[in-house]
Amino acid sequence: MDAIRIHGGVPLKGEIPISGAKNAALPLMAACLLTDEPLVLSNVPALADIKTMSALLQQHGAEISRSDDGHTLNLHVGAITSTEAPYDLVRKMRASVLVLGPLVAREGVARVSLPGGCAIGTRPVDLHLKALSALGAEIEMANGYVEARIPAGQKRLKGAHFTFPMVTVGGTENVLMAAALAEGETVIENAAREPEIADLAECLIAMGAGITGLGSGTLKVQGVESLHGAHHSVVPDRIETGTYAVAAAITRGKLKLTNTRVDLLDSVIDAMRQTGVEVRSDETSITVTASDRLAGVDVMTEPYPGFPTDMQAQWMALMTTADGAAMVTETIFENRFMHVPELGRFGADVNVHGASAIVRGKVDLTGAPVMATDLRASVSLVLTGLAAAGETTVNRVYHLDRGYERLEEKLAACGARIERIKGV
Ligand code: EPZ
């Protein structure tokens, strides 16, 4: 397994191009199951999770070709050859469950392995299933699989009014895709408002679906009998953008982040400005400049437009270098503080009380061997390593490869002393 070695303490300076969003690309790829015509996606990040989703779609019958640079995918499902998403693929990546809605809507039946818990929490899919059953799908669970089918004698799912009891990104995406092919109107209340949902809705509209309410908590979908092919460019990755904004701040450097959109991460930029970091932006770029002293700023994770849970670990890393104390509260996942003991290995002073962590900043961080159990926790350790004196080795790099395209290359181009060590 590869590791990343960092010699910290260099203020980063330069430009980093932001990739397309992993969490938008995955549901967009699943949307190819809704039509027998080609769906072309550009600005797709080259990541391990994208390969896993490709493998899953291929076994459902997708023919997939990639452009030479790997960033444009042509996905074509002339016919669905299998309606089953097997355990071996679903356990690798929870987002595999996003094939459930499209498969049942187009083919009338789907059998998908239950994803099970993961490092950051139990993460059930009960609300995905409730929403699909509101559209008339019959749901059964057996042998670790969930089977959804359109009732006998019925050709399509039926539009319905469904209110999510809590905000779920994946649940909203699954029902949105299913509703696009259902008969009549579906109203989804308390829908997730994450930019990745609006991106999916825009693609579905380009494929012929009728959807209104984009960006709001109420989505109205006019179902159609069939969807057609389309070309869609994936929205920039707001979490990658935020992560590199923290890289600039934590190393007290200056980075210009290009190919991105500042409006996707208002809450992170607000918090950043409160620390004293200067953030300037234009239509497609953000420039982050940090001076020596930063103030501690409390954040609480919330559904969009609140502070994203996917930036919580990175924020905590930044707060270890700020003056005074900062409270970081996690409200989305019940077990998303696994980076705390690892941050302690750098000398950070963090105390967890239930869903909140108090970070007492401005300690002298020193490099250390560390390892994390999920993507964002891993990248928070890279960020801390960039700020810490001496050598840091981040193990289990495969987590990073799931969500950050060419991480070492992008950071090294801005002066970071960072390298990948193969097969440690
Ligand atoms: C998406 O996960 C993202 N993944 C996550 O990013 C992100 O952390 C999360 O949204 C929250 O923003 C992708 O988009 C592929 P949820 P998702 O359904 O859809 C509970 C990363 O690092 N819940 O919004 O799985 C659930 O347990 C990843 O890139 C139910 O109880 O998240 C959680 O506590 C990690 N029942 C909360 O809702 C359900 O049926 C929010 O989960 C569904 C969810």
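**A look at the side chain of Thr260**
Phase 1 of the analysis: Looking at the secondary structure, you find Thr260 in the loop between strand S15 (254-258) and helix H9 (266-275).
Phase 2 of the analysis: Classification of Thr260 by relative accessible area gives buried; the value is 2%.
Phase 3 of the analysis: The residues contacting Thr260, other than those within four sequence positions of it, are Ile18, Pro236, Thr241, Glu283, Thr284, Ser285 and Ile286.

**Description of the packing of aromatic side chains**
Phase 1 of the analysis: For the structure on display, the rule yields 2 aromatic pairs.
Phase 2 of the analysis: Seen in terms of ring centroids, Phe162 and Phe164 are 4.9 Å apart; in terms of plane orientation they differ by 90 degrees. Their pairing is edge-to-face. Considered together, Phe162 and Phe164 belong to a single accessibility category, that of buried residues.
Phase 3 of the analysis: Seen in terms of ring centroids, Phe307 and Trp315 are 5.7 Å apart; in terms of plane orientation they differ by 70 degrees. Their pairing is edge-to-face. Accessibility assignment for this pair places Phe307 and Trp315 in one class, buried.

**Digging into the site of the ligand**
Phase 1 of the analysis: Around the ligand, a shell composed of 20 residues is seen, among which Asp126, Leu127, Thr168, Asp310 and Ile332 lie nearest.
Phase 2 of the analysis: Here an oxygen atom of the ligand sits 2.7 Å away from a polar atom, N or O, in the main chain of Leu127.
Phase 3 of the analysis: Notes on the ligand: free accessible area 840 Å², of which the protein chains cover 87%.
Phase 4 of the analysis: The set of elements that each furnish at least two residues to the shell around the ligand consists of helix H1 (22-30), helix H5 (126-134) and helix H6 (169-180).
Phase 5 of the analysis: A class-by-class count of the residues in the shell around the ligand yields 9 nonpolar, 5 polar and 6 charged.

**Remarks on helix H10 (residues 312-319)**
Working note: α-helix, 3.6 residues per turn, so residues spaced by three or four point in the same direction.
Phase 1 of the analysis: For H10, the tally of buried residues reaches 8 of 8 residues, placing the bulk of the element in the interior.
Phase 2 of the analysis: Every buried residue belonging to H10 is among Gln312, Ala313, Gln314, Trp315, Met316, Ala317, Leu318 and Met319, and all of these are buried.

**With respect to the packing of helix H4 (residues 100-107) against H6**
Phase 1 of the analysis: Put simply, H4 and H6 touch, their axes get as near as 7 Å, and they point 15 degrees apart. For the element pair H4 / H6, the angle class is roughly parallel. In the crossing of H4 with H6, the sense of the turn from one axis to the other is right-handed. On H6, the residues that touch Leu100, Gly101, Pro102 and Ala105 of H4 are Asn174, Met177 and Ala178.
Phase 2 of the analysis: For the contact of H4 with H6, the residue count by class is 5 nonpolar, 2 polar and no charged.

**Regarding the pattern of salt bridges**
Phase 1 of the analysis: Applying the stated criterion across every chain, the model contains 21 salt bridges.
Phase 2 of the analysis: Of the charged contacts, one joins Asp49 and Lys22 as a salt bridge, the two residues approaching to 3.8 Å between their closest N and O atoms. One end of the pair, Asp49, is in helix H2 (residues 48-59); the other, Lys22, is in helix H1, with 27 residues separating them in the sequence.
Phase 3 of the analysis: Among the residues examined, Lys22 registers a relative accessible area of 9% and is labelled buried.
Phase 4 of the analysis: As a salt-bridge pair, Asp263 and Arg261 come within 3.0 Å of each other at their nearest N and O atoms.
Phase 5 of the analysis: Residue Arg261 is classed as partly exposed on the basis of its relative accessible area, which comes to 34%.

**Quick look at the environment of Ala137**
Phase 1 of the analysis: Within the element layout of this structure, Ala137 appears in the loop between H5 and strand S8 (138-142).
Phase 2 of the analysis: Leaving out residues up to four positions away in the same chain, Ala137 has contacts with Leu132, Arg149 and Leu157.

**Describing the state of the cysteines**
Phase 1 of the analysis: All chains considered together, the criterion is met by 0 disulfides.
Phase 2 of the analysis: Free cysteine Cys32: the closest other cysteine sulfur is in Cys203, separated by 9.9 Å.
Phase 3 of the analysis: According to the relative accessible area criterion, Cys32 is buried, its value standing at 0%.
Phase 4 of the analysis: The class for Cys203 is buried, based on a relative accessible area of 0%.

**Concerning the side chain of Arg376**
Phase 1 of the analysis: If you trace the backbone, Arg376 turns up in helix H12 (residues 375-387).
Phase 2 of the analysis: Here Arg376 sits buried without a salt bridge, and the closest side chain of opposite charge, Asp310, lies 4.3 Å off (N-O distance).
Phase 3 of the analysis: A distance of 2.9 Å separates a polar atom in the side chain of Arg376 from a polar atom in the side chain of Tyr404.
Phase 4 of the analysis: Not counting chain neighbours up to four residues away, the residues in contact with Arg376 comprise Lys22, Asn23, Ile239, Asp310, Ala313, Gln314, Arg336 and Tyr404.

Cut-offs and rules
- Residues numbered from 1 in each chain as written.
- Predicted model: local features only at pLDDT ≥ 70, side-chain atom pairs only at ≥ 80, totals over all residues.
- Heavy atoms only, no water.
- Helix = DSSP H or I, 4+ residues; strand = E, 2+ residues; numbered from the N terminus.
- Buried < 20%, exposed > 50% of the residue type's maximum accessible area, 1.4 Å probe, protein only.
- Contact = heavy atoms within 4.5 Å.
- Phe/Tyr/Trp six-rings, centres within 6.5 Å; stacked < 30°, edge-to-face > 60°.
- Near = heavy atom within 4 Å.
- Polar contact = N/O pair within 3.5 Å; in protein donor to acceptor, adjacent residues only side chain to side chain.
- Areas by Shrake-Rupley, 256 points an atom, 1.4 Å probe, with all protein chains shown as cover.
- Nonpolar A, V, L, I, M, F, W, Y, C, P; charged D, E, K, R; others polar.
- Axes fitted to C-alpha atoms, helices over the stretch in contact; angles between N-to-C directions.
- Parallel < 35°, antiparallel > 145°, perpendicular 65-115°, else oblique.
- Left-handed = near helix turned anticlockwise from the far one by under 90°.
- Salt bridge = Lys/Arg side-chain N within 4 Å of Asp/Glu carboxyl O.
- Disulfide = S-S within 2.5 Å.
- Lys, Arg positive; Asp, Glu negative; His and termini not counted.

So far we have only geometry, and geometry alone does not tell us how the molecule works.
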